[in-house]
Amino acid sequence: MQHTLKSPITFTGVGLHSGKPATMVLKPAAAGHGIWFKRTDIELGNALIPAIYDVVERTPLCTRLVNEASVSVSTVEHIMAALAGCGVHNALIEIDGPEVPIMDGSSIDFVRGIMAKGVRRQASPVLAFEVLKPVTASREGASASIAPADGLIIDFHIDFEDGAIGSQTKRLDMRNGSFARELSDCRTFCRRTDVEAMRENGLALGGTLENAVVVQGDEVLTPGGFRHADEAVRHKMLDALGDLYLAGGPILGHFTGDKSGHAMTNTLLRKLFETPGAVRPVLCTPEQAARLPGQGLVWDEIPEVA
């Protein structure tokens, strides 16, 4: 069955790219509502933004949603991953600025906040999207694909010249508490040279060594280093889960990312829904629902972080 939040949850922080303070409140919503953002700082016009793939403005560094009135909210991937990973299908997310707070660069604060307040069951079955045939998107040596599967499986491969990251590959079946256990505490990462380039272009203005893992060659500049030896590929999987949740509900399919990012995942989703016979909406049976992310998640599965 569908789930929403038991009560409102507030998060405060700064936007990773804008550097602007942000307060975000997750609120319960009725069955069938889906996930929507509302810009509370917008007094006139349409301040509601649906969390859906076809309003994504494709950018390489984050996922930005833009409504018909050109009102936007950026860096939604980590909160979307947390909602997917906690099995939350309906929520209104009020935010007082243009970017979701980055917190520590992962989804762990969102997951702990959601699970501390709890989720409640609703009297409607989950609408999921079942992949029926393979679809692939690729560009400049990167690719993303999705194929039929009875649950959600995520495969990811990355390859960086920096020795601190190097080549990493991981595969996870995302059912139950897999996201919380394996991915939720994995932070965004970048190379020091990338930080300098982003700031020259007015980005990463809120980035610090406390909300991102920064590397330079073989060296990890962030104090304490990585939380996992393969934290980098795990974070890419976290991003992929959040971006895939913009389908409008859980996906039943096997996603494979090879050196891909936000824009590639969005291209794949658009192609999936545009390809005749590639995907269909299904009302989940109890057996299907049991294979979705977040079903049966319990507090003890959530990692502790320093």
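Above: the structure in question.
Computed from a prediction, not measured in an experiment: that's the story for all the values here.

S.K.: How do you make sense of helix H2 (residues 108-117) when you look at a structure like this?
M.R.: One turn of the α-helix equals 3.6 residues, which is why residues spaced by three or four share an orientation. Along H2, the positions that sit buried rather than exposed are Ile108, Phe110, Val111, Gly113, Ile114 and Met115. In the core, the buried residues of H2 are packed alongside strand S1 (3-5), strand S2 (9-14), strand S3 (21-28), helix H1 (77-85), strand S10 (119-121) and helix H3 (178-182). At the C-terminal side of H2, Gly118 shows a positive phi close to 95°.

S.K.: When you look at the packing of H1 against H2 in this model, what are you seeing that I'm missing?
M.R.: Helix packing for two helices is described by the angle between their axes and how far apart those axes are. Axis separation between H1 and H2 bottoms out at 9 Å; the angle between their running directions is 40°. Taken as axis vectors, H1 and H2 run oblique relative to one another. Considering only the axes of H1 and H2, their crossing is right-handed. Every residue of H2 that contacts H1 at His78, Ile79, Ala82 and Leu83 is listed here: Phe110, Val111 and Ile114. A class-by-class count of the residues in the contact of H1 with H2 yields six nonpolar, one polar and no charged.

S.K.: I keep staring at the sheet that holds strand S18 (residues 219-220) and nothing clicks. Help me out?
M.R.: Each strand in a sheet pairs with its neighbour through backbone hydrogen bonds, running either in the same direction (parallel) or in the opposite one (antiparallel). Pairing is mixed in the open sheet, where three strands are placed in the order S16-S17-S18. In this open sheet, the two strands that pair with only one neighbour each are strand S16 (189-191) and S18. Strand direction decides the pairing type here: S16 and strand S17 (residues 213-216), joined by three bridges, are parallel. Among the inter-strand pairings, Arg191 is bridged to a residue of S17, identified as Val215.

Conventions used here
- For every chain, the first residue of the written sequence is number 1, and numbering continues from 1 onward in sequence order.
- Residues qualify for local features only when their pLDDT is at least 70, as the model is predicted, and side-chain atom pairs are given and counted only at 80 or more; totals for whole chains, interfaces and linings, by contrast, use all residues.
- Side-chain metrics rest on all non-hydrogen atoms present in the structure, leaving aside hydrogens and water.
- Classification of residues uses two cut-offs on accessible area relative to the type maximum, computed with a 1.4 Å probe and protein chains only: under 20% is buried, over 50% is exposed, and between them is partly exposed.
- Strands are runs of DSSP state E lasting at least 2 residues, helices are runs of H or I lasting at least 4, and numbering of each runs from the N terminus.
- It only takes one pair of heavy atoms within 4.5 Å for two residues to be counted as in contact.
- Between N-to-C directions, angles cover 0 to 180 degrees, with each direction set by a line fitted to C-alpha atoms, over the stretch in contact for helices.
- Note that the term roughly parallel is reserved for angles under 35 degrees, roughly antiparallel for angles over 145, roughly perpendicular for angles of 65 to 115, and oblique for everything else.
- Crossing handedness is read from the near helix: turned anticlockwise from the far helix by less than a right angle, it gives a left-handed crossing, and turned clockwise, a right-handed one.
- Under the scheme applied here, ten amino acids are nonpolar (Ala, Val, Leu, Ile, Met, Phe, Trp, Tyr, Cys and Pro), four are charged (Asp, Glu, Lys and Arg), and all others, including Gly, are polar.
- Paired strands, in this sense, are two strands between which DSSP finds at least two bridges.

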